[in-house]
Amino acid sequence: KAGVTQTPRYLIKTRGQQVTLSCSPISGHRSVSWYQQTPGQGLQFLFEYFSETQRNKGNFPGRFSGRQFSNSRSEMNVSTLELGDSALYLCASQGLAGARTTDTQYFGPGTRLTVL
Amino acid sequence: AQSVTQLGSHVSVSEGALVLLRCNYSSSVPPYLFWYVQYPNQGLQLLLKYTSAATLVKGINGFEAEFKKSETSFHLTKPSAHMSDAAEYFCAVSDRSVTQGGSEKLVFGKGMKLTVNP
């Protein structure tokens with residue numbers, strides 16, 4: 001089974017621009033979570049999508065948004081980029097055990113965003 | 001709210017020596033605990049997890065961890081370090097939200113960078 005894939009792997013943007021990152025979960029997984037990793041703040045939860053609905057959201061400004069498609073692929077968008085948005089953005093997928101998501105999140109390789 | 005603490009940010013061991021990475025948790029409910037490893041320029045790879053079954057959990061690459069409720073700890077160990085173990089290790093607790101449709105977010109510790117000296 002293919003793992004979680006994220007595109008692109010690297011991005012360079014300038015302040016004020018917007019960016020869209022993509023995540024394809026493991027086949028059959030319906031939950032996708034996004035995390036931001038920075039040297040200063042570590043790994044922080046952004047949001048989680050399940051069956052095209054945002055179920056949970058972390059403490060990030062509204063510039064950070066996401067969506068999930070019917071095939072479970074997910075995108076996250078950051079508008080009006082700031083220097084502090086430079087980070088590794090990780091996507092994780094979870095499968096189902098009955099009607100609930102399983103306990104394990106599987107991570108993709110991440111997208112490294114640099115804001116100049 | 002759930003949280004985990006990894007004291008220190010770096011640990012250095014000699015090849016063949018014991019690896020011990022400490023993790024303490026705080027949780028208002030029985031916790032689900034995880035150890036992930038991150039190699040340079042890569043994502044997170046699951047090493048092992050505790051989900052209320054056996055308290056001694058064996059993972060990949062010879063790692064294991066023991067859940068100790070009395071000490072609120074979930075320390076990661078490996079009897080003999082290998083050069084390929086050099087990486088950053090993250091302890092995490094699952095924050096399972098009953099009010100948000102069963103959504104689970106991981107709350108991570110700050111991470112521990114392991115160096116293995118020849």
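Here we summarise the structure given alongside this text. (Residues numbered from 1 in each chain as written. Chains lettered and ligands numbered in written order. Predicted model: local features only at pLDDT ≥ 70, side-chain atom pairs only at ≥ 80, totals over all residues. Heavy atoms only, no water.)

**Observations concerning the interface of chain B and chain A**
Okay, so step 1: If you look at the interface, chain B gives 21 residues, while chain A gives 24 residues.
Okay, so step 2: For the pair chain B and chain A, the two sides together bury roughly 1900 Å², of which 45% comes from carbon and sulfur.
Okay, so step 3: The three residues of chain B that bury the most area against chain A are L44, E104 and K105 of chain B, which together make up 25% of that side's buried surface.
Okay, so step 4: Remark: the boundary between chain B and chain A carries zero salt bridges.
Okay, so step 5: Scanning the region where chain B abuts chain A turns up five residue pairs in polar contact (both at pLDDT 80 or more).
Okay, so step 6: If you list the elements that add at least two residues to the side of chain B that touches chain A, you get β5 (33-38), β6 (44-50) and β11 (104-108) of chain B.
Okay, so step 7: The element best represented in the side of chain B that touches chain A is β11 of chain B, accounting for four residues. (Contact = heavy atoms within 4.5 Å. Buried area = accessible area lost by both parts, 1.4 Å probe. Salt bridge = Lys/Arg side-chain N within 4 Å of Asp/Glu carboxyl O. Polar contact = N/O pair within 3.5 Å; in protein donor to acceptor, adjacent residues only side chain to side chain. Helix = DSSP H or I, 4+ residues; strand = E, 2+ residues; numbered from the N terminus.)

**Description of the nonpolar core**
Residues and elements named next belong to chain B.
Okay, so step 1: Counting 26 residues, the largest nonpolar core has L33, W35, L47, L48, F74, L76 and Y89 as its most contacted members.
Okay, so step 2: Elements that contribute at least two residues to this core include exactly β3 (19-21), β5, β6, β8 (64-68), β9 (73-78), β10 (87-96) and β12 (112-117).
Okay, so step 3: Excluding residues within four positions of it along the chain, L33 makes contact with V4, Y25, L48, K49, Y50, F67, F74, A92 and V93. (Core = buried A, V, L, I, M, F, W, Y, C linked by side-chain atoms within 4.5 Å. Buried < 20%, exposed > 50% of the residue type's maximum accessible area, 1.4 Å probe, protein only.)

**Observations concerning the pairing of β10 of chain B**
Residue and element names in this part refer to chain B.
Okay, so step 1: Taking burial as the measure, the 10 residues of β10 include nine buried ones, the bulk of the element.
Okay, so step 2: Pairing between β5 and β10: six bridges, direction antiparallel. The partner of V37 across the bridge, within β10, is Y89.
Okay, so step 3: Of the strand pairs in this sheet, β10 and β12 are connected by three bridges, and their pairing is antiparallel. Its bridge partner being in β12, Y89 is matched across the sheet by M112. (Pairing = 2+ DSSP bridges.)

**What about the pairing of strand β6 (residues 53-57) of chain A?**
All names here are of chain A.
Okay, so step 1: Pairing of strand β5 (residues 42-50) with β6 involves four bridges; the strand directions are antiparallel. Counterpart to F47 in the pairing with β6 is K57.
Okay, so step 2: If you look at the hairpin formed by β5 and β6, you'll find two residues sitting between the two strands, and S51 has a positive phi there, around 50°.

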